[in-house]
Amino acid sequence: QVQLVESGGGLVQAGGSLRLSCAASGSIFSINRMGWYRQAPEKQRELVATITSGGSTNYADSVKGRFTISRDSAKNTVYLQMNSLKPEDTAVYYCNARVGYYPPSTYWGQGTQVTVSS
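Residues numbered from 1 in each chain as written. Predicted model: local features only at pLDDT ≥ 70, side-chain atom pairs only at ≥ 80, totals over all residues. Heavy atoms only, no water.

### Some points on the packing of aromatic side chains
Stated precisely, the cut-off is as follows: Planes of paired rings set the category: under 30 degrees apart is stacked, over 60 is edge-to-face and the rest tilted, where pairs are Phe, Tyr or Trp rings (Trp by its six-membered ring) whose centres lie within 6.5 Å. In this text, helices come from DSSP runs of H or I with a minimum length of four residues, and strands from runs of E with a minimum of two, each type numbered from the N-terminal end. Exposure is judged per residue with a 1.4 Å probe applied to protein chains only, and the accessible area is read against the type maximum: over 50% gives exposed, under 20% gives buried, and values in between give partly exposed. In our convention, an over-ring charge means Lys NZ or Arg CZ found within 6 Å of a ring centre and within 35 degrees of that ring's normal.
Within the structure shown, the criterion is met by 2 aromatic pairs. For the pair Y37 and W108, a centre-to-centre distance of 5.0 Å together with 70° between the ring planes defines the contact as edge-to-face. Note that Y37 is positioned in strand β4 (residues 31-39) and W108 in strand β10 (residues 105-108), a separation of 71 residues in sequence. An angle of 90° between the planes, with centres 6.5 Å apart, marks the rings of Y94 and W108 as edge-to-face. Taken together, the residues span a long stretch of sequence, with Y94 in strand β9 (residues 91-99) and W108 in strand β10 at a distance of 14 residues. Classification of W108 as partly exposed rests on a relative accessible area of 35%. Members of the aromatic cluster, joined through ring pairs, are Y37, Y94 and W108. Between R45 and the ring centre of Y94, over which it is positioned, the NZ or CZ distance is 3.8 Å. Above the ring of W108, the side-chain terminus of R45 is found at 4.7 Å from the ring centroid.

### Quick look at unusual backbone geometry
Backbone torsion omega between Y102 and P103 reads -15°, so that peptide bond is classified as cis. Position of P103 among the secondary structure elements: in the loop between β9 and β10. Residues other than glycine seldom take positive phi values, yet E42 does so here, at roughly 65°. Within the fold, E42 resides in the loop between β4 and β5 (46-52). In this structure, N76 is a non-glycine residue whose phi angle is positive, near 55°. Within the fold, N76 resides in the loop between β7 (67-72) and β8 (77-82). The class for N76 is partly exposed, based on a relative accessible area of 29%.

Here is the structure:
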């Protein structure tokens, strides 16, 4: 199993930046993809960015050019650098890890709140 702990959320002004961190533990070598999702009030959880074990990345259209996902293998940690933040980025951000393929297993962190003021 995999355990995920997010950190780095907070309150920032529009146009500001934050870096979220997700520390993974457990069966970390079985993870084939990690990512960030977010859920705003009254909305469904949506994908923000993913990164595979091979380093391929994928971003939601709404964050392309502003957010960057990366990982530090030595620390078993995935990051989400968020720049040019907008009020619509306000949400609880969740770290996600995928293990296996048939079927894949998905693990979630507890979430970290990001609030962007105007």
